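Take a look at the letters that make up each chain.
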Amino acid sequence: MSFRSVNHQDQLQDLNNSTNCRELVTSPSSSSSTCTSLTVWRKSLIFSCKGFTVIGSDGNLVYRVDNYSGRRDQTILMDGSGKPILTICRHKKLRIVDNNWFIYEGEVLGEHDYTTSNKTSSSRKKPIFCVKKQMKILQSNINVLAHVYYHGISDKRYSYIIEGSYANRTCKVLDAKSRNVVAEIRKKQAVTGGVTFGLEVFVLVVMPGFDSGFAMAMVLLLDQMFS
């Protein structure tokens, strides 16, 4: 049994510095004053776990990831109370891990709970999104990191594009049709001078109308792809 860190409340308070959403490049139809700003800490609040802690602008815990098993092929995004929201899985094809990640609603427990090939089974969950890592050698635009498809890559037309550099914590999720920014990852800026957060603490800004849980799933995928 793992135990929570006794000083995690103080750590969360240290991370809860205000973020000005107006710095985000927005579409003309969006209101920057109503965007959602989340502080993402690349650390679990439970000992012996790898994960993420996501804090809202009010200082409350919004999302969490606590990876007990250390498996990189399956990650569960939970809300602040620990309820599973999304499960991210990386499937293996012919025992070889490919460059596709699948996002499922809720929690899936193992390979028997989901499939991408058997469409006749109603008891098995189907992915709501597929994210395909862009291979650098196959593209002319090296700024593109991944494409996001509804349901699966069989749809052919992707819905979102992820661009930028996750290593530098400067990424944008864009709507494929309008090219409007719907979410952005950027470095955490200190309110007062003399404080640096490094790459383990950064900001996720989500535009109005875009689901913050899905935006956080993009963060988890980018971390798996490029860390």
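Rules and cut-offs
Residues numbered from 1 in each chain as written. Predicted model: local features only at pLDDT ≥ 70, side-chain atom pairs only at ≥ 80, totals over all residues. Heavy atoms only, no water. pLDDT = per-residue confidence, 0-100. Helix = DSSP H or I, 4+ residues; strand = E, 2+ residues; numbered from the N terminus. Contact = heavy atoms within 4.5 Å. Buried < 20%, exposed > 50% of the residue type's maximum accessible area, 1.4 Å probe, protein only. Phe/Tyr/Trp six-rings, centres within 6.5 Å; stacked < 30°, edge-to-face > 60°. Lys NZ or Arg CZ within 6 Å of the ring centre and 35° of its normal.

## Things to note about the confidence of the model for the protein chain
1) Next: Summing up the model confidence of the protein chain, the mean pLDDT is 78 and the portion of residues at 70 or higher is 67%.
2) Next: Mean pLDDT per element in the protein chain: helix α1 (residues 8-15) is the minimum at 55, and strand β10 (residues 170-175) is the maximum at 97.
3) Next: Across residues 17-32 the pLDDT falls below 50, and counting only partners more than four positions away or on other chains, this stretch makes 28 contacts in the model.

## Quick look at unusual backbone geometry
1) Next: The residue arginine 169 is not glycine, and still its phi comes out positive at about 55°.
2) Next: For arginine 169, the location among the structural elements is in the loop between β9 (160-165) and β10.
3) Next: Of note in the backbone geometry, arginine 179 takes a positive phi value of approximately 65° without being a glycine.
4) Next: Structurally, arginine 179 can be placed in the loop between β10 and β11 (181-187).
5) Next: With relative accessibility at 41%, the residue arginine 179 sits in the partly exposed group.

## Structural notes on the packing of aromatic side chains
1) Next: Going through the model one piece at a time under the given rule, you end up with 7 aromatic pairs.
2) Next: A ring pair is formed by tyrosine 149 and tyrosine 158, whose centres lie 6.1 Å apart and whose planes are at 90°; its orientation type is edge-to-face.
3) Next: For tyrosine 149, a relative accessible area of 9% corresponds to the buried category.
4) Next: With 6.3 Å between their ring centres and 85° between their planes, tyrosine 166 and phenylalanine 202 make a pair best called edge-to-face. Placement of the pair is tyrosine 166 in the loop between β9 and β10 and phenylalanine 202 in strand β12 (residues 201-206), with a sequence separation of 36 residues.
5) Next: Judged by relative accessible area, tyrosine 166 falls into the buried class, the value being 2%.
6) Next: You can call phenylalanine 202 buried: its relative accessible area is 0%.
7) Next: Taken together, the ring pairs connect Phe129, Tyr150, Tyr160, Phe210 and Phe214 into an aromatic cluster.
8) Next: Over the aromatic face of phenylalanine 226 sits the side chain of lysine 133, whose NZ or CZ is 4.9 Å from the ring centroid.
9) Next: Cation over ring: arginine 169 sits above tyrosine 166, and NZ or CZ is 4.1 Å from the ring centre.

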